[in-house]
Amino acid sequence: MTLKKISDQVVVITGASSGIGLITARKMAKAGAKLVLAARSAGALAQLEQEINASGGEALTVVADVGRLEDVQRIAQAAKDRFGGFDTWINNAGLGMFGKMEETPIEDFRRLFETNFWGVVYGSLEAVKELRQRGGALINLGSVVSERVAFLQGMYSATKFAVKGFTDGLRMELEHDGAPVSVTLVQPSAMDSPFAMNARNTTGKEYRLPPPVYLPDLAADAILHVAQHPRRDLVVGGGGKALSQSEQWMPRLTDKMMETETFENLQKKDRPASHDDALYTASERLAERGNYDGYVFRRSFYTRAALHPVVSSLAFFTLGVGLVALWKARTASRLVPPQRRLPASSLEGRSSLSSVSL
C-alpha cells in the first residue's frame, strides 16, 4: 500500500488542542498538510487555527466532543465540505484517570469510555467510509497500557485495551475486504504532555506518570511517519516496550512490583490533587508539555530502530561483523606462539651465511 506524502494530504486530528495532538497538528502544518482539527476547547482551537493560517498553513477547526456520534459526523462532513475529503484520520482524543476503581463513581468510568473508546470507534467508522473509496491511513492512539495495566490506572488501561482490540479487529476486516486503508495503532510510553494535569484523580494526592518519561514530540514524529508508511502498530519509547515484554514473560512479578510502595511513590507527589481535570469540562490550555518534574528523554533509540528497521539492521549487522572480526583477530594473536629470540652470535652467523649464498 502506498500513502501520500504529508504535503499532499488532508489530515483530520481529534484532540488537537493539547499534548500529542497539538504537536502533531503543528508538525503536519509545517510539512504542508491541510488540516481539520477537532477538540472540545473552542478558545484553544480558535487560537490554533489563527496561528497555523497566519504562518502560511491551512487549517479548519471543529468544536466537537468525540464521545458523541453526531459531533464526529460533523468533523467528517466539515472535511468533505472544505477539502473534498481526507487522506489520514488520527483518533488522538483521550483522557486519563488515577485512583482505585472501588473509590471512583461509575459515571466517571462511563464518561472515560465515551471519550477514549467510543470516540475511537465513531471516528474510525466515519473515517473508513471515506478511506475505502480513496485510500489512506487510519491512526488510533492506544498506549503502552493497551497491553499491561498500570497500577491505579486500571480503568484508563481498560479503555486502551478496548482500543487495541477494536483496532486489531477492524484492521483484519479491512484487509479481508482488500480495502486500501492502512490501520495503525500507535502506543506511546509515558509522555511529558498535559495528560496527568487533565486526568481525573480520586486519590487525594497529585499524581504523575512513572519514569521513564519521554518528550511528546517523539509520539508526534511517529504519527507523521505512519501517516506516510503503513505500519501495523508502533510502540513509542523503549520503556513502554520493556513494560509490554514484562507482561508477556513475567506478569505476576510485574504485578507485585507495581503494587510496592516504591512504585506508588514514583507516581505520587506530596501535595493535594488538583480538581481542575478535563473529564467533563474542556481545558482551554493550548499546551504541548506537562509539568513532569523528573528527567525527560528527548530520544528513543528503540523507536528510531522500529521506524527504520532496514537501516538499523544494517547498522547492527555492520557492528556485529566488526565485533566478530575483532574477536577473531584477538583469538588469532593468542594462538600464534611467540617467536624465540636467538642469541646475537647465531644471528651474526646467519647473516654471514646469507651474504655468501647471495
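This structure is a prediction, so every number in the text was calculated from the model and none was measured.

Conventions and cut-offs
- What you see as residue numbers is a count from 1 along each chain, following the sequence as written.
- Restriction of local features to residues with pLDDT of at least 70 applies here, the model being predicted, together with a cutoff of 80 or more for giving and counting side-chain atom pairs; totals for whole chains, interfaces and linings are based on all residues.
- Only hydrogens and water are removed before side-chain values are computed, so all heavy atoms of the structure are retained for them.
- For helices, the axis comes from a line fit to the C-alpha atoms of the stretch in contact; other axes are also lines fit to C-alpha atoms, and the angle between any two N-to-C directions lies between 0 and 180 degrees.
- Segments assigned H or I by DSSP are reported as helices when at least four residues long, segments assigned E as strands when at least two residues long, and all are numbered from the N terminus.
- Each angle gets one of four labels, with under 35 degrees taken as roughly parallel, over 145 as roughly antiparallel, 65 to 115 as roughly perpendicular, and the rest as oblique.
- Here a crossing is taken to be left-handed if its near helix is turned anticlockwise relative to the far helix by less than a right angle, and right-handed if that turn runs clockwise.
- Note on contacts: a residue pair qualifies if any of its non-hydrogen atoms lie within 4.5 Å across the two residues.
- Gly falls in the polar group here, along with every residue not listed as nonpolar (Ala, Val, Leu, Ile, Met, Phe, Trp, Tyr, Cys, Pro) or charged (Asp, Glu, Lys, Arg).
- Salt bridge criterion: a side-chain nitrogen from Lys or Arg within 4 Å of a carboxyl oxygen from Asp or Glu.
- Summary of the burial criterion: residues with accessible area below 20% of their type's maximum are buried, those above 50% are exposed, and those between are partly exposed, where the area comes from a 1.4 Å probe applied to protein chains only.
- Here, a strand pair is defined by DSSP locating no fewer than two bridges between the strands.
- In plain words, nonpolar cores are sets of buried Ala, Val, Leu, Ile, Met, Phe, Trp, Tyr and Cys residues tied together by side-chain atoms within 4.5 Å.

## With respect to the packing of helix H3 (residues 69-83) against helix H4 (residues 106-134)
Where H3 meets H4, the axes come as close as 9 Å, and the angle between the chain directions of the two elements is 30°. Relative to H4, the element H3 lies roughly parallel. H4 is crossed by H3, and the crossing has right-handed handedness. Facing H3, whose interface residues are Leu-69, Val-72, Gln-73, Ala-76 and Lys-80, H4 presents Tyr-122, Gly-123, Glu-126 and Glu-130. Residues that form the contact of H3 with H4 fall into these classes: four nonpolar, two polar and three charged.

## Some thoughts on the pattern of salt bridges
Enumeration according to the criterion identifies 25 salt bridges in this entry. A salt bridge links Glu-288 to Arg-26; its shortest N-O distance comes to 2.7 Å. Placement of the pair is Glu-288 in the loop between strand S12 (268-272) and strand S13 (296-297) and Arg-26 in helix H1 (residues 19-30), with a sequence separation of 262 residues. Arg-26 gets classed as partly exposed once you look at its relative accessible area, which sits at 25%. Notably, a salt bridge pairs Arg-68 with Glu-70, separated by 3.0 Å at the nearest N-O pair. Exposure remark for Glu-70: the relative accessible area of 40% places this residue in the partly exposed category. Bridged by salt links that share partners, the residues Lys-164, Asp-168, Arg-171, Arg-232 and Asp-233 form one connected network.

## A few points about the packing of H4 against helix H5 (residues 154-177)
Their axes nearest at 9 Å, the elements H4 and H5 cross at an angle of 15°. Taken together, the axis directions place H4 and H5 in an arrangement best described as roughly parallel. When you trace H4 past H5, the crossing you get is right-handed. From H4, Phe-109, Leu-112, Phe-113, Asn-116, Phe-117, Val-120, Val-121, Ser-124, Leu-125, Val-128 and Arg-132 reach across to H5, where they touch Met-155, Tyr-156, Ala-158, Thr-159, Ala-162, Val-163, Phe-166, Leu-170, Leu-174 and Asp-177. Grouping the amino acids of the contact of H4 with H5 by side-chain chemistry returns 16 nonpolar, three polar and two charged.

## Examining the sheet that holds strand S1 (residues 10-14)
Strand order across the open sheet formed by seven strands is S3-S2-S1-S4-S6-S7-S11, with parallel pairing between neighbours. Only two strands of the sheet have a single neighbouring strand rather than two, namely strand S3 (58-63) and strand S11 (233-236). Along the sheet, successive strands turn relative to each other by an average axial angle of 15°, direction set aside. Here S1 runs beside strand S4 (residues 88-91); their pairing, made up of three bridges, is parallel.

## Notes on the nonpolar core
By size, the foremost hydrophobic cluster in this structure holds 36 residues, and its most contacted members are Ile-13, Met-28, Leu-35, Leu-37, Ile-90 and Ile-139. When residues of this core are traced back to their parent elements, those giving at least two are S1, H1, strand S2 (34-39), helix H2 (42-54), strand S6 (136-141), helix H7 (217-226), S11 and helix H11 (301-307). Looking at this core, the element that brings in the most residues is H7, giving six residues. What Ile-139 contacts, discounting residues up to four positions off in sequence, is Thr-88, Trp-89, Ile-90, Asn-91, Thr-184, Val-186, Ile-223, Val-226 and Ala-227.

Nothing here speaks to function; it is all geometry.
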